[in-house]
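Now for the letters of each chain:
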Amino acid sequence: MMHLDTHVLIVGAGGAGMYAAISAVRAGADKVLLLDKSLVGRGGATIMAQMTVAAALAEESDDDWRLHLDDTLAAGRGLCDEKLAAVLCEEAPIRIREMGEWQVGWAQRDNGRIAQVTAPGHSRPRCCYVDFLNTGPAVAATLRRQISRIDAIRRLSNLTVTDLVTSDGAVVGAVALDAASGEPVTIAADATIIATGGLTGIYRRNSASANMGGDGYALALKAGAELVDMEFVQFFPIGHLAPRLVGMDPIMWDPFRYKLGGRLLDGAGREFLARYGSDETDAYTTPRDIASYAITKEVAAGRGSPHGGVYLSFEHVPELALRAAFGPVIERLAKNGIDLARAPVEVVPIAHYHMGGIVVDGRMATRVPGLFAAGEAVGGANGANRLSGNAIPEALVFGERAGRFAATAKAAGGWNGAAAAEAVERIRQLSDGRSGDVTAPALLDQLRALMWDEVGPLRDAAGLERALDRIGAVRAALANVMIAPGRECNASLADWFELRASLAAAEAVTRAALARRESRGAHQREDFPDSALVFSGSQRVALGAADDIFVSGGPP
Amino acid sequence: MKLARLNVRRGTGDEPPRYEEFTVPFEDGATVLDALMWIRAHRDPSLAVRYSCINANVCKECTISIDGKVVYACMTRLLEGAAMMLDPLPGKQHLRDLVTETRPPRERLS
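Not measured: the values here are computed from a predicted model. (Residues numbered from 1 in each chain as written. Chains lettered and ligands numbered in written order. Predicted model: local features only at pLDDT ≥ 70, side-chain atom pairs only at ≥ 80, totals over all residues.)

Just checking my understanding: could you explain the overall build of chain A for this structure?
Across its full length, chain A carries 14 helices and 17 strands. For 556 residues, the compact-globule estimate of 2.2 N^0.38 gives 24 Å, and chain A sits close to it at 23 Å. The buried share of chain A, taken over its 556 residues, is 60%. (Helix = DSSP H or I, 4+ residues; strand = E, 2+ residues; numbered from the N terminus. Rg over C-alpha atoms; globule rule 2.2 N^0.38 Å. Buried ≥ 20, exposed ≤ 12 C-beta atoms within 10 Å, placed from the backbone.)

What is the right way to read the packing of helix 12 (residues 440-454) of chain A against helix 13 (residues 461-477) of chain A from this model?
Residue and element names in this part refer to chain A. Where helix 12 meets helix 13, the closest approach of the two axes is 9 Å, and the angle between their N-to-C directions is 175 degrees. Looking at the two axes, helix 12 sits roughly antiparallel to helix 13. Seen from helix 12, the contacting residues are Leu443, Gln446, Leu447, Leu450 and Glu454; seen from helix 13, they are Gly463, Leu464, Arg466, Ala467, Arg470, Ile471, Val474 and Ala477. Class assignment of the residues belonging to the contact of helix 12 with helix 13 gives a composition of eight nonpolar, two polar and three charged. (Axes fitted to C-alpha atoms, helices over the stretch in contact; angles between N-to-C directions. Parallel < 35°, antiparallel > 145°, perpendicular 65-115°, else oblique. Contact = placed C-beta atoms within 7 Å. Nonpolar A, V, L, I, M, F, W, Y, C, P; charged D, E, K, R; others polar.)

What should I look at first to understand the interface of chain A and chain B in this one?
Interfaces are frequently sized by the accessible area removed from exposure as the parts join. Chain A puts 43 residues into the contact, and the matching count from chain B is 32 residues. The set of elements that each furnish at least two residues to the side of chain A that touches chain B consists of helix 4 (135-148), strand 5 (153-157), helix 12 and helix 14 (491-515) of chain A. The element that contributes the greatest number of residues to the side of chain A that touches chain B is helix 12 of chain A, accounting for four residues. Of the residues contributing to the side of chain A that touches chain B, the split by class is 22 nonpolar, 13 polar and eight charged.

I would appreciate a short explanation of helix 12 of chain A in the present structure.
Along an α-helix, residues three or four positions apart point the same way, because every turn accommodates 3.6 residues. For helix 12 of chain A, spanning 15 residues, the distance from its first C-alpha to its last is 21 Å, which sits close to the expected 21 Å at 1.5 Å a residue. Those residues of helix 12 of chain A not exposed but buried are Ala440, Pro441, Leu443, Leu444, Leu447, Arg448, Leu450, Met451 and Glu454 of chain A. (Expected span 1.5 Å × (residues − 1).)

Explanation requested: the sheet that holds strand 10 (residues 233-242) of chain A in the structure shown.
Hydrogen bonding along the main chain pairs the strands of a sheet, whether they run parallel or antiparallel. Residues and elements named next belong to chain A. If you walk across this open sheet you meet the four strands as 10-13-12-11, and the pairing is antiparallel. A strand with exactly one partner marks an edge of an open sheet, and here the two such strands are strand 10 and strand 11 (263-265). With strand direction ignored, the average angle separating the axes of adjacent strands in the sheet is 45 degrees. When strand 12 (residues 310-313) meets strand 13 (residues 345-354), the two strands line up antiparallel, connected through three bridges. (Pairing = 2+ DSSP bridges.)

Whenever I open this one, the sheet that holds strand 4 (residues 69-72) of chain B confuses me. Can you help?
Residue and element names in this part refer to chain B. Judged by pairing direction, the sheet is mixed, and its five strands sit side by side in the order 2-1-5-3-4 without closing on themselves. Lying at the two open borders of the sheet, with one neighbouring strand each, are strand 2 (18-25) and strand 4. Taken pair by pair, the neighbouring strands of this sheet meet at an average axis angle of 35 degrees, ignoring direction. Summarising the sheet, strand 1 (residues 3-10) and strand 2 pair through eight bridges and their orientation is antiparallel. Bridging across to strand 2, Ala4 finds its partner in Val24. Sheet contacts for helix 1 (residues 32-42): strand 1, strand 2, strand 3 (63-66) and strand 5 (83-87); angle to strand 2, the most-contacted strand, approximately 100 degrees.

Help me out: how do you make sense of the environment of Arg10 of chain B in this one?
All names here are of chain B. As for its placement among the helices and strands, Arg10 is situated in strand 1. On the basis of neighbour counts, which here come to 18 C-beta atoms within 10 Å, the residue Arg10 falls in the partly exposed class. Remark: the alpha-carbon pair of Arg10 and Leu98, spanning 88 residues in sequence, is separated by 7.4 Å. Once you skip the residues sitting within four places of it in the chain, Arg10 turns out to touch Arg18, Tyr19, Glu20 and Asp97.

Looking at this model, I keep getting lost on the nonpolar core. Mind explaining?
Considering soluble globular proteins, one finds that nonpolar side chains tend to be buried as a cluster. Residues and elements named next belong to chain A. If you look at the biggest cluster of nonpolar residues, it comprises 223 residues, and the most contacted ones within it are Ile10, Ile193, Phe372, Ala373 and Ala374. Considering every element that reaches this core, the biggest residue donor is helix 14, with 16 residues. Mapping this core onto the domain boundaries places at least three of its residues in each of domain 1 (2-232 + 352-408) and domain 2 (233-351). (Core = buried A, V, L, I, M, F, W, Y, C linked by C-beta atoms within 7 Å. Domains from an automatic or database assignment.)

Would you mind showing me how to read the domain arrangement of chain A here?
Residue and element names in this part refer to chain A. Per the domain assignment, the segments making up chain A are domain 1 (2-232 + 352-408) and domain 2 (233-351). Each of domain 1 and domain 2 has a C-alpha centre, and these two points are 29 Å apart. In this complex, domain 1 contributes 22 residues to the contact, which on the side of domain 2 involves 23 residues. Among the elements that take part in the side of domain 1 that touches domain 2, strand 13 stands out by supplying three residues, more than any other.

Honestly, unusual backbone geometry in this entry has me stumped. Any pointers?
Negative phi is the rule for most residues except glycine; trans is the rule for most peptide bonds. Note the cis peptide between Ala242 of chain A and Pro243 of chain A, where omega equals -5 degrees. In this structure, Pro243 of chain A sits in the loop between strand 10 and helix 6 (253-260). Of note in the backbone geometry, Asn158 of chain A takes a positive phi value of approximately 65 degrees without being a glycine. Note that Asn158 of chain A resides in the loop between strand 5 and strand 6 (159-167). Residue class for Asn158 of chain A comes out buried when judged on the 24 C-beta atoms lying within 10 Å of it. Phi is positive for Lys60 of chain B, close to 65 degrees, though the residue is something other than glycine. Looking at the secondary structure, you find Lys60 of chain B in the loop between helix 1 and strand 3.

Teacher, can you tell me more about helix 6 of chain A here?
All names here are of chain A. Counted residue by residue, helix 6 has six buried out of eight residues, so it is predominantly covered. Looking only at helix 6, the buried set comprises Trp253, Asp254, Pro255, Phe256, Arg257 and Tyr258. Those residues of helix 6 that are buried are in contact with strand 10, strand 12 and strand 13. Looking one or two residues past helix 6, Gly261 carries a phi angle of roughly 80 degrees, positive in sign.

Written as structure tokens, this is what we have:
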């Protein structure tokens, strides 16, 4: 069996993981191992980012990171971990300027200053971007270029970390499945960073890439770390619904709204946001949680569009203005049968980002020695609702910190092969293939459907209880999942592990949502529609003695 | 129900080429990647194909050959009725089904 040995192990190679690798080497790590289930720097959420990156650069206004913090805390509806949020806002400008030095290509005004636009929830023009719809790919490509120049970083694609290995209460490495060979691999590490992103892939409607199934949360829980704010899943309000559009991310309409406003209309063509306390007469200003709630309520009341969303209309915008703002993108839309000057599109909330995540301190260290986290996998900085543009800075800032502090932390303890044996044996057994009456992708589809139906933008106790039952049924079916024979590139093998992790993530979200008997930010309970003072703190999720997932921190 | 057909190259690079035909539900606007994901959920979970971003066409992982042309599965619309021929990317080492060795050399374990 292959065994690798590294100073810092990084699980997940999106923006946070890649930045962590760079900073770990800068801080003195002689060996960094950067793994991804997909291809390094191509999977995950970073590459999907459409446009805005928030940082108080003060290029276009008298901005200050404390003002960015004020906006972040306000958007978080009182639940932000203020220390983490402050780290995010204070260091965002440093990371954004460093990305600029690495030639990411932030868009500039004619006077040479970095262009910054105002996104909903920001008090000032604070969001920079590379190019309309192209910020994420540029950020990912820039980081890929940087890591490829550093010899101390070893990159490995198509490795799924199935288990962290703990010894004497510390994480000492991991067991991974090598997709190409179907063989287990053991990895000894002085420090391990979880940078696996969020869990939006467990929802039927999502903007996630294929590998956003909540793996990191399952790994962290099993290793003894705590999770926080798990009930807060951000539903991006205007995900594309119809007509079917290929080659574009479903969250693509946001930049259109930044530039041209656009109008949200119900199925009969009437404006409705004002009835939910938001006035968009002058500009695109409605926060994501309020817009998602409003759209979901309109659809539930039977006032939706034909495919079950609402309309987003740019018909009032002159065709020349549309062309001037979006040029070639207008042609791409035309190929999909979309003419914004003539007809609206249909949009609907989709799972987009997870505010909750792994509990860390300012060094990005969990309570488990040897275990760190970075990026979206971290919980707390964004509270109950994330401000537009805070996700990329979070990846870069937390990634940089996680790499730096992991590299300089005291080694967690020596490798313990015996502690890895069970996880290795599980991979070996499953990779022999086995018969079964159901496939993992079909069960994942069931899980996504139940999470959407019962743990989505509108929740109540009855639905959440049903969700727990249904999650239990899917978990029971895990034992009957068919695994095809043939070890090399056998997708059904990695799928089994993905499903197992997604079930843990789904249960953590659902239990936390059931325990929070109030509505706040992205968590909306139909049976408790108001915010309650007794719930002004965060809830934590951990594993109990019998590997049961339990919630703590709510009111007594 | 409207249907589409796909002839998909199966097996590893060491085996003689063989194709398996799948009949899949057809919806207006659906892509070849939609159909491949449907096959993995409902017919054969072992079908090997690379994809990551699913709809945004930013990861570029789903590059394969369709009817002899190198294209992205996520950008290619499914055709109702006629069978489409799906092959792995030519000029790359064939690993299994539609998966070729597209990882940069330094990102491979073995």
